[in-house]
Amino acid sequence: MAKSSILSSSIAKKVAMALSGLFLVSFLSLHFFMNLTSVFSAETFNVCSHFMGYNPLIQFVMQPILVAGVVFHFVMGFVLEIQNRAARPIAYAKNDGAANSSWASRNMIISGLVVLAFLGLHFYDFWFPEMTYKYVNVNPIDETRYFTELVHKFESPVRTGIYCVSFVLLSLHLWHGFNSSMQSVGFNNKFSKALHKLGYAFAIIIPFGFIFIALFHHFNH
């Protein structure tokens, strides 16, 4: 009975982590398409950014939910990793992990930590300055400032390099995480194969799309 209870608890945690991950994927997609407009039109990017930055629903409802989702997803990841390690207390004399699983699946905790560190840098670079601009210094509303601020962030080759490396690791994290999430929530039907392919495509297109945006502004500022 106790073993069944532990198993159910572990499954529930995996499902909760999967759902939080899928929620973060939706945010990542929105963020990507908004940033992509900066490549084609500074005016469009400014309009989108101003709407996101001053819309009360986004600022005071969706933003706190997003932060809570990020924290929950990574905390749950650490909890599950600790549980998995505890369930395998005896090390095998020979364990060829590479033969049975991908690097991404065996190092989710590492890529996750790097992505978490990158999110901290992202908050430092973008969110804190935005909060300071609006609520600490109480500067007047300027609907045209966003594109200039974005380009300025990518002038530094060091910051741009860190940004790019972080998204490569995010790609690896998503490569395993997206399909693992689908499996955790029990999505297994005739569409599964197509969804797996969609997950792999997402893990490549979105992170490397962010890298393209960063490099575009770095070399064209």
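Conventions and cut-offs
- Residues numbered from 1 in each chain as written.
- Predicted model: local features only at pLDDT ≥ 70, side-chain atom pairs only at ≥ 80, totals over all residues.
- Heavy atoms only, no water.
- Phe/Tyr/Trp six-rings, centres within 6.5 Å; stacked < 30°, edge-to-face > 60°.
- Buried < 20%, exposed > 50% of the residue type's maximum accessible area, 1.4 Å probe, protein only.
- Lys NZ or Arg CZ within 6 Å of the ring centre and 35° of its normal.
- 1 Å grid on protein atoms, 1.4 Å probe; cavity = no way out; pocket = protein on both sides within 12 Å on 5 of 7 lines; lining within 4 Å.
- Points joined across faces, edges and corners; volume = space filled by probe spheres on them.
- Helix = DSSP H or I, 4+ residues; strand = E, 2+ residues; numbered from the N terminus.
- Axes fitted to C-alpha atoms, helices over the stretch in contact; angles between N-to-C directions.
- Parallel < 35°, antiparallel > 145°, perpendicular 65-115°, else oblique.
- Contact = heavy atoms within 4.5 Å.
- Nonpolar A, V, L, I, M, F, W, Y, C, P; charged D, E, K, R; others polar.
- Salt bridge = Lys/Arg side-chain N within 4 Å of Asp/Glu carboxyl O.

A.B. asks: Give a detailed account of the packing of aromatic side chains, specifying residues and quantitative values.
C.D. replies: According to the stated counting rule, one finds eight aromatic pairs in the structure shown. Ring geometry for Trp127 versus Phe128: centroids 5.2 Å apart, planes at 70 degrees, classification edge-to-face. Residue Trp127 is classed as partly exposed on the basis of its relative accessible area, which comes to 28%. Judged by centre distance (5.0 Å) and plane angle (75 degrees), the ring pair of Phe154 and Tyr163 falls under edge-to-face. Classification of Tyr163 by relative accessible area gives buried; the value is 8%. Sitting over the face of the ring of Tyr54, Lys134 holds its NZ or CZ atom 4.9 Å from the ring centroid. When the ring centre of Tyr133 is taken as origin, the NZ or CZ atom of Arg145, which lies over that ring, is 3.8 Å away.

A.B. asks: For empty space enclosed by the protein, give the residues involved together with the corresponding values.
C.D. replies: A full pass over the atoms with the stated rule returns one cavity of 30 Å³ or more. As a volume, the largest cavity reaches approximately 50 Å³. What lines the largest cavity is simply Phe118, Leu121, His122, Asp125, Phe126, Arg159 and Tyr163. The set of elements that each furnish at least two residues to the lining of the largest cavity consists of helix 6 (108-136) and helix 8 (157-184).

A.B. asks: Give me the packing of helix 2 (residues 42-54) against helix 7 (residues 146-153): which residues, what numbers.
C.D. replies: Orientation of helix 2 relative to helix 7, taken along the N-to-C sense of each, is 100 degrees, at an axis distance of 8 Å. As summarised for this structure, helix 2 and helix 7 are arranged roughly perpendicular, according to the angle between their axes. On helix 7, the residues that touch Ala42, Phe45, Asn46, Ser49, His50 and Tyr54 of helix 2 are Tyr146, Phe147 and Leu150. Looking at the contact of helix 2 with helix 7 residue by residue, the class counts come to six nonpolar, three polar and no charged.

A.B. asks: Requested: an account of the pattern of salt bridges, with residues and values cited.
C.D. replies: Throughout the structure, instances matching the rule amount to three salt bridges. Salt-bridge contacts for Arg145 lead to Glu130; the nearest nitrogen and oxygen are separated by 2.9 Å. Of this pair, Arg145 sits in the loop between helix 6 and helix 7 while Glu130 is found in helix 6, placing the two residues 15 residues apart along the sequence. Of the two residues examined, Arg145 and Glu130, each falls in the buried class. The salt bridge involving Arg145 is made with Glu149; its shortest N-O contact spans 3.1 Å.

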